[in-house]
Number of protein chains: 2
Amino acid sequence: MIKFTINKSAFLSNLRVAKQAIGSKIAIPALSKFKIVVTAKGIELTASNGQTSIVKMLPVDDKDLGMLIESEGSILLEAIFFDSVISQLPDVTFELEEMENHQVLLRSGKSEITLKGQDADLYPRIETIQSAPFAKIEIGKLKQIFNEVAFAASTQESRPVLTGVHMMLIEHQILVVVATDSHRLSRRETRLESFGEDFEVVIPNRAVSGFGNIFSDDEEKVSIYLTSTSVLFKTETINFYSRLIEGAYPDTDRLIPEDVFYSLDLEFDVSELLHAMNRARLLTAGMQNGTVKLSVSDDKDILSVNSPEIGSSYEELNVLEKNGANLDISFNPQFIIDALKVVKEPTVRFRFISNVRPFIILPKEEGANFIQLITPIRTN
Amino acid sequence: MIKFTINKSAFLSNLRVAKQAIGSKIAIPALSKFKIVVTAKGIELTASNGQTSIVKMLPVDDKDLGMLIESEGSILLEAIFFDSVISQLPDVTFELEEMENHQVLLRSGKSEITLKGQDADLYPRIETIQSAPFAKIEIGKLKQIFNEVAFAASTQESRPVLTGVHMMLIEHQILVVVATDSHRLSRRETRLESFGEDFEVVIPNRAVSGFGNIFSDDEEKVSIYLTSTSVLFKTETINFYSRLIEGAYPDTDRLIPEDVFYSLDLEFDVSELLHAMNRARLLTAGMQNGTVKLSVSDDKDILSVNSPEIGSSYEELNVLEKNGANLDISFNPQFIIDALKVVKEPTVRFRFISNVRPFIILPKEEGANFIQLITPIRTN
């Protein structure tokens, strides 16, 4: 039966890493609980919503935890409630002792709290992955990639595969991450330092967006393990499992036009253009499928909106560099805003083919490693 | 037809004072709009939800506004949208010019935005109050009073008068502010520096809780004006009107027991007790009408909860000062938490009569000027 003493706030921050897997919809009762396993090596906290699972290890030799294990064992405790109770304990440390009938007694300062727990055997088995890692990458780098790409995934369940993020390793070393909702696409290519076996999976967007909150040390490296149904992101103290989305992801590379087709290149200051798009978007608020028009002519480059209900806007854009033919093209300003928000460089390049063909957005320096594609809206 | 130039961010902060009166439910279409009146004296911004109205004056001689009025007039503009558009303008100043058909042209930097407005005559008349002020008080002081009292008002519409805050001037100088939901009561008494005519009104809680966001300068004095149906809080640049709640407020002073009846006085550190109550409340989370028990005996003072579903808690309280008979009393911990949160002093006194009679909570130093009353819960 479990008995240990530990630093409250250090325990709590570990608990909150695991807690992120607890869902708002609880599929089976045991999944509303933490599984706590105490061994001579330390404490292992597990939480899961059936789709994603997090196992957080608290090693006994981690000085920050001030951990003293007197007795080993395992138990299930109601997750949200346990978190609240721990956070309210009066002292800087607390003792957790398992009593009869899976009850747990928490002692801290002058406070004694008894909680009802459950047998750890009631917890579903989390898949373990035995293979070698397929890839290894710095956490900060992978966070950035996910941030650049994931927003473009679809929110429509009609084509489930598009609600995920497509991740591939090609040529044993090039990581390609793509998402598209079929109106816009974002694609990031990164050469890894390590070599691995080529793979191709579709990761649910929820797991991708959760990644950044689960792994906090940007310098640390995370290993990516795969089975046919799951992905595991693994560091020394965190195992983050997610189910994969089944089904073939479309071949998106063929959507990106070849260089020879472009008829107009424009360069903008990212922040200036973002502000102009935000203003323009306001005027589209009252319209269904509100569009903004970009008119590129010899003397001026104008962004304009005409919304019969609300009013109109007209703004001359500051183009840093222009090459090619004049063009009038209309698009959903939200797509441009989303695209610009993930561009880290100060200058961005737009490349157009015609007013009915998708156009691409590239950071000026990095170029083709990070391509975004947006479909214009046909007006007239 | 209106035409003026003004500093964008200064205009925006004034606009946002008025905007607080815009409701989420719009009773009549005109109330979704700002009324903007421009005269030689400056700009007047009006917003209202029918129950509360705010008129914000922007005097022409306010240097921060950098205002230049070229032409006077009045117009209605869609409030939320106008606020968004102004906030997105590119330059530090903008020009607003009224065009044909109540259209308004905003010019800022290279951006030109045309908005559709409406005739100002479509706006409902805001009641004007001509009387002398009934009372005058520092804004910071009145904010504190409202904060100390308003939380105790009822949220149940079954007795509308209890959803408001009772405000009286007695003996021409003593301001008494009370709220109760019939389970707990909070009452603050303040001697004003100025004299006024006695009055008694019930102000909707929404107006009371909005007060602190509308008036920002705590040093400034606000004058209180009354009609039979409305209250007006007025400073040099803000008129804040609220409808009153009709109906007689109960005589709450008779609820506060006389000194002779108390059988037990306890003093606590506010912050320590608040933490203990928060812990105890957690354990009541799963129970309907969850109660916490305070057991005062010769050797120990214990706060305990027993929740059959979740668990139990037991905590020895640190009592700073104790006078009187032993007692076991049960109550809703949320009421104590709410009460302690508004006590500014570090030490608080509880005074008990018996375990079935309401008890009172007083800040130790200030005593009877700020009384809170809580009804215990009968158990067994």
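Owing to the predicted nature of the structure, the values given are computational and were not obtained by experimental measurement.

All names here are of chain A. Looking at the element boundaries, Glu345 is found in the loop between helix H6 (333-341) and strand E24 (347-352). Here Glu345 sits buried without a salt bridge, and the closest side chain of opposite charge, Arg188, lies 7.0 Å off (N-O distance). For Glu345, the side chain forms a polar contact with the main-chain nitrogen of Lys364, separated by 3.2 Å. Contacts of Glu345, omitting those with residues within four sequence positions, involve Val270, Pro363, Lys364, Glu365 and Glu366.

All right, on to the environment of B:Ser32 then. Residues and elements named next belong to chain B. Examined against the element boundaries, Ser32 turns out to sit in the loop between helix H1 (8-19) and strand E2 (33-39). For Ser32, a relative accessible area of 12% corresponds to the buried category. Those residues in contact with Ser32 that lie beyond four places of it in its chain are Ile22, Ile26, Glu78 and Ala79. Within polar-contact distance, the side chain of Ser32 engages the backbone oxygen of Pro29 at 2.9 Å.

With that out of the way, let us pick up the domain arrangement of chain A. All names here are of chain A. Segmenting chain A into domains produces domain 1 (3-122), domain 2 (135-253) and domain 3 (256-374). The straight-line distance from the C-alpha centre of domain 2 to that of domain 3 is 28 Å. In total, domain 2 and domain 3 occlude about 1,300 Å² of area from one another, counting both sides; carbon and sulfur atoms represent 50% of this. On the surface where domain 2 and domain 3 come into contact, there are two salt bridges. Its salt-bridge partner being Arg188, residue Glu366 comes within 2.8 Å of it at the nearest N-O pair. Across the contact surface, domain 2 and domain 3 share six residue pairs in polar contact (both at pLDDT 80 or more). For the side of domain 2 that touches domain 3, the element with the most residues is strand E13 (residues 184-191), which contributes six residues. Broken down by class, the residue content of the side of domain 2 that touches domain 3 amounts to two nonpolar, five polar and seven charged.

Moving on, we get to the interface of chain B and chain A. Listed by partner, the interface residues are 28 residues for chain B and 28 residues for chain A. Buried surface at the junction of chain B and chain A, both sides included, amounts to about 2,400 Å², of which 58% is carbon and sulfur. Looking at the side of chain B facing chain A, the largest losses of area belong to B:Gln88, B:Lys110 and B:Arg279, adding up to 25% of the total buried there. On the surface where chain B and chain A come into contact, there are zero salt bridges. The interface formed by chain B and chain A contains twelve residue pairs in polar contact (both at pLDDT 80 or more). Partitioned by chemical class, the residues of the side of chain B that touches chain A number eleven nonpolar, ten polar and seven charged. In terms of strand pairing, strand E9 (residues 111-116) of chain A meets strand E21 (residues 311-316) of chain B through five bridges, oriented antiparallel.

Conventions we followed
Residues numbered from 1 in each chain as written. Chains lettered and ligands numbered in written order. Predicted model: local features only at pLDDT ≥ 70, side-chain atom pairs only at ≥ 80, totals over all residues. Heavy atoms only, no water. Helix = DSSP H or I, 4+ residues; strand = E, 2+ residues; numbered from the N terminus. Buried < 20%, exposed > 50% of the residue type's maximum accessible area, 1.4 Å probe, protein only. Lys, Arg positive; Asp, Glu negative; His and termini not counted. Salt bridge = Lys/Arg side-chain N within 4 Å of Asp/Glu carboxyl O. Polar contact = N/O pair within 3.5 Å; in protein donor to acceptor, adjacent residues only side chain to side chain. Contact = heavy atoms within 4.5 Å. Domains from an automatic or database assignment. Buried area = accessible area lost by both parts, 1.4 Å probe. Nonpolar A, V, L, I, M, F, W, Y, C, P; charged D, E, K, R; others polar. Pairing = 2+ DSSP bridges.

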